[in-house]
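# Structural overview
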Amino acid sequence: MLTDPFQRLNLDREVLTVSQLNGRARMLLEDVFAQVWVEGELSNLARPASGHVYFTLKDGNAQVRCALFRQNAQRVRQALRDGLAVRVRGKVSLFEGRGDYQLILDNVEPAGDGALRLAFEALKEKLAAEGLFATERKRALPAHPRRIGIISSPTGAVIRDIISVFRRRAPHVELSLIPTAVQGREATGQIVRALALADAQGFDALILARGGGSLEDLWCFNEEAVARAIAGCRTPLVSAVGHETDVSIADFVADVRAPTPSAAAELLAPHAGDLEQRLEVLRRRLLHCTRERLRRDGLRLDGLARRLRHPGERLQQQAQRIDDLEQRLLRALDRQLCAGHERLARLETRLAAQHPGRSLNLLRQRLATLDARLPRAMQANLRQQRQRLQNLGQTLNIVSPLATLGRGYSILLDERGHAIRRADQTQPGQRLEARLGYGRLHVRVEDNHTDPITLPLL
């Protein structure tokens with residue numbers, strides 16, 4: 001933990017840009033929270049085409065954005081979905097573009113209830129692939145059962161609620177309790193044995209019941225052994241496990257799922273008044289359907305009668321259609337001929353414009369124009385060249401050394417004809433040639449002085 005993080009970031013009274021602020025905040029968060037474990041529930045899961053995974057991790061009071069990049073997302077084996085409880089590992093960071101605080105993750109694993117959910121989904125997919133949930137294998141419940149077996153705990157409110165419903169709605173039904181544990185380590189084996197025992201007793205129907213609870217409390221009803229025992233029962237079975245929002249593997253395998261144990265009892269103990277009311281509803285529906293069917297058939301018959309036509313009318317219609325098609329064909333041919341004539345006229349016009357004689361006349365006119373322009377252009381060019389030559393002669397005369405010699409200067413040359421520019425290039429007694437503006441002089445060096453000589457300007 002940094003004792004003075006602002007000293008590390010070189011913050012005194014420096015004025016930062018937003019980008020600099022977000023960048024330094026990201027550095028600070030990543031240093032302090034380099035690796036943390038966080039547990040929560042997935043929501044707002046997004047999988048863009050890049051392969052990265054983005055979601056929100058939340059609990060009852062707060063939430064945080066999370067980013068799982070592609071290389072780490074490929075290592076996560078369980079399927080991520082909204083509502084899954086997970087435990088994640090990563091570093092706290094900041095998305096500088098928006099200034100959003102987020103977790104950059106490198107590992108995601110199920111947590112608590114999430115692990116059970118994954119096991120639940122895996123077993124559900126396996127049994128569904130084997131056809132244990134198929135609708136065609138489910139048996140219908142008997143309309144008027146006489147003997148019903150109840151597989152549940154002998155204590156608690158569940159068995160009392162079921163008995164109360166049967167006493168009120170169908171007191172003549174014989175109920176038999178096959179006691180079993182419905183929670184804990186021994187519950188799975190006891191439920192399997194109770195199902196086998198109840199199926200051998202010749203009951204008209206069975207009820208597998210338990211009150212509500214957490215996913216861990218209801219887990220024995222999600223075991224594969226219990227699911228296969230339910231699938232092996234020859235007696236129609238109603239699953240009434242947990243509250244209405246609780247769903248177990250037993251519910252999918254059973255012939256019928258009831259939202260509550262009381263609802264399961266009501267399914268197998270229809271009230272006489274309910275039967276009479278249902279019969280009246282069915283009678284009214286049958287009467288309504290019969291009348292509606294007669295009405296539809298009458299309308300259909302009227303429609304068919306109106307559509308029925310004499311063959312002579314059909315022939316007249318076909319003859320009229322043939323005449324109409326003939327007229328349309330003639331009009332189309334006329335339009336096509338007119339279009340062809342117009343196109344031919346345009347092509348003839350273009351051909352005349354491209355005739356070689358026309359091109360030759362244009363070229364002759366251009367040649368005559370150029371022939372007239374050539375002498376004038378040559379004379380103008382000669383004048384320009386003479387003027388340029390005169391200018392160059394004047395310039396050459398200005399820089400010519402002969403003009404300098406004409407103003408009283410001379411040039412000293414040694415025996416090889418090289419110009420003497422410094423006194424130290426000569427020796428006493430050496431003969432030199434002095435070239436003047438008019439004529440030449442042969443001179444001899446008496447002495448040479450190398451000291452600089454200052455000449456007065458005036």
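Reference entry: report on the structure contained in this document. (Residues numbered from 1 in each chain as written. Predicted model: local features only at pLDDT ≥ 70, side-chain atom pairs only at ≥ 80, totals over all residues. Heavy atoms only, no water.)

### Some remarks on the overall build of the chain
When its secondary structure is counted, the chain shows 13 helices and 13 strands. Against the 2.2 N^0.38 benchmark of 23 Å for 458 residues, the chain shows a C-alpha radius of gyration of 56 Å, more extended than a compact globule. Oriented by its inertia axes, the alpha-carbon framework of the chain measures out at about 165 × 100 × 40 Å. For the chain, with 458 residues in total, the buried portion stands at 28%. For the chain, the share of sequence-separated contacts (at least 6 apart) that also reach a separation of at least 24 residues comes to 60%. (Helix = DSSP H or I, 4+ residues; strand = E, 2+ residues; numbered from the N terminus. Rg over C-alpha atoms; globule rule 2.2 N^0.38 Å. Buried < 20%, exposed > 50% of the residue type's maximum accessible area, 1.4 Å probe, protein only. Contact = heavy atoms within 4.5 Å.)

### Quick word on unusual backbone geometry
Of note in the backbone geometry, asparagine 44 takes a positive phi value of approximately 55° without being a glycine. Tracing the sequence through the fold places asparagine 44 in strand S1 (residues 36-46). For asparagine 44, a relative accessible area of 54% puts it in the exposed group.

### Here's the deal with a nonpolar patch on the surface
On the surface, Leu412, Leu436, Leu441 and Val443 cluster together into a nonpolar patch covering about 260 Å² of accessible area. If you trace the backbone, leucine 436 turns up in the loop between strand S12 (431-435) and strand S13 (440-444). Classification of leucine 436 as partly exposed rests on a relative accessible area of 31%. (Patch = residues over 30% accessible without salt bridge, like charges linked within 9 Å, V, L, I, M, F, W, Y side chains within 5 Å. Areas by Shrake-Rupley, 256 points an atom, 1.4 Å probe, with all protein chains shown as cover. Salt bridge = Lys/Arg side-chain N within 4 Å of Asp/Glu carboxyl O.)

### Observations regarding the environment of proline 110
Along the chain, the position of proline 110 falls in strand S5 (residues 100-110). Residue classification places proline 110 among the partly exposed residues on the basis of a relative accessible area of 24%. Taking the C-alpha atoms as reference points, proline 110 and leucine 84, separated by 26 residues in sequence, lie 7.7 Å from one another.

### Concerning the nonpolar core
Ranked by size, the top nonpolar core spans 33 residues in total, and within it Leu195, Leu208, Phe221 and Ile230 carry the most contacts. At the level of elements, helix H4 (113-130), helix H6 (187-199), strand S8 (205-210), helix H7 (224-232), strand S9 (237-241) and helix H8 (249-253) are the ones that each hand at least two residues to this core. Ranked by residues supplied to this core, first place goes to H6 with 5 residues. Setting aside residues no more than four positions away along its own chain, phenylalanine 221 makes contact with Val182, Ile191, Leu208, Arg210, Val241, Ser248, Ile249 and Ala250. (Core = buried A, V, L, I, M, F, W, Y, C linked by side-chain atoms within 4.5 Å.)

### Details of the sheet that holds strand S11 (residues 411-413)
Strand order in the open sheet formed by 3 strands is S11-S12-S13, and the pairing between neighbours is antiparallel. The open sheet has two edge strands with one neighbour each: S11 and S13. Between one strand axis and the next, the sheet turns through 30° on average, direction left out of account. In this structure, S11 lies alongside S12, joined through 3 bridges in antiparallel fashion. Within S12, the position partnered with isoleucine 411 by the bridge is arginine 435. (Pairing = 2+ DSSP bridges. Axes fitted to C-alpha atoms, helices over the stretch in contact; angles between N-to-C directions.)

### What about the pairing of strand S3 (residues 63-68)?
Pairing geometry for strand S2 (residues 53-58) and S3, over 6 bridges, is antiparallel. Counted as the bridge partner of lysine 58 is glutamine 63 from S3. Turn length for the S2-S3 hairpin, with the two strands adjacent in sequence and antiparallel, is 4 residues. The sheet contact formed by S3 and S5 spans 4 bridges and is parallel. Bridged to arginine 65 within S5 is glutamine 102.

### Focus: helix H5 (residues 157-169)
The end-to-end C-alpha separation of H5 is 18 Å, in line with the 18 Å expected for 13 residues at 1.5 Å each. Along H5, the positions that sit buried rather than exposed are Val158, Ile159, Ile162, Val165, Phe166 and Arg169. Projected down its long axis, H5 carries its buried residues within an arc of 125°, all on one side. Away from the buried face of H5 by more than 90 degrees, exposed residues Arg160 and Arg167 are located. (Expected span 1.5 Å × (residues − 1). Arc of directions from axis to C-beta.)

### So, the sheet that holds S1
Strands belonging to one sheet form pairs held by backbone hydrogen bonds; the direction of such a pair is parallel or antiparallel. Strand order in the closed barrel made by the 5 strands is S1-S2-S3-S5-S4, with mixed pairing throughout. Neighbour to neighbour, the strand axes of the sheet diverge by 55° on average, direction disregarded. Bridging between strand S4 (residues 85-95) and S5 involves 10 bridges; their strand directions are antiparallel. Residue pairing across strands places arginine 89 opposite asparagine 107, the latter belonging to S5. Packing against the sheet, helix H2 (residues 18-32) makes contact with S4 and S5, and its axis sits at approximately 140° to S4.

### A short note on the packing of H5 against helix H9 (residues 261-268)
Each pair of packed helices can be summarised by the angle the axes make with each other and by the distance between the axes. Orientation of H5 relative to H9, taken along the N-to-C sense of each, is 30°, at an axis distance of 8 Å. Between H5 and H9, the interaxial angle falls into the category roughly parallel. The hand of the H5/H9 crossing is right-handed. For the pair H5 and H9, contact is made by Val158, Asp161, Ile162, Val165, Phe166, Arg168 and Arg169 and by Pro261, Ser262, Ala265, Glu266 and Leu268, respectively. (Parallel < 35°, antiparallel > 145°, perpendicular 65-115°, else oblique. Left-handed = near helix turned anticlockwise from the far one by under 90°.)

### Topic: the state of the cysteines
Counted according to the given criterion, the structure contains 0 disulfides. Cysteine 233 provides the cysteine sulfur closest to cysteine 220, a residue in no disulfide bond, and the two sulfurs are 15 Å apart. (Disulfide = S-S within 2.5 Å.)

### Looking at the pattern of salt bridges
Under the criterion given, the structure shown has 21 salt bridges. A salt bridge links arginine 87 to glutamate 109; the nearest nitrogen and oxygen atoms lie 3.2 Å apart. A residue pair is termed long-range when its members are at least 10 positions apart, and arginine 87 in strand S4 and glutamate 109 in strand S5 qualify at 22 residues. For arginine 87, a relative accessible area of 29% gives the class partly exposed. Close ionic contact of aspartate 255 with arginine 139 constitutes a salt bridge, the shortest N to O distance being 3.2 Å. Linking aspartate 255 in the loop between H8 and strand S10 (256-257) with arginine 139 in the loop between H4 and strand S6 (147-152), this pair joins segments that are 116 residues apart in sequence. The exposure class of aspartate 255 is buried, given its relative accessible area of 9%. It is possible to trace a salt-bridge network through shared partners that takes in Lys126, Glu130, Glu224 and Arg228.

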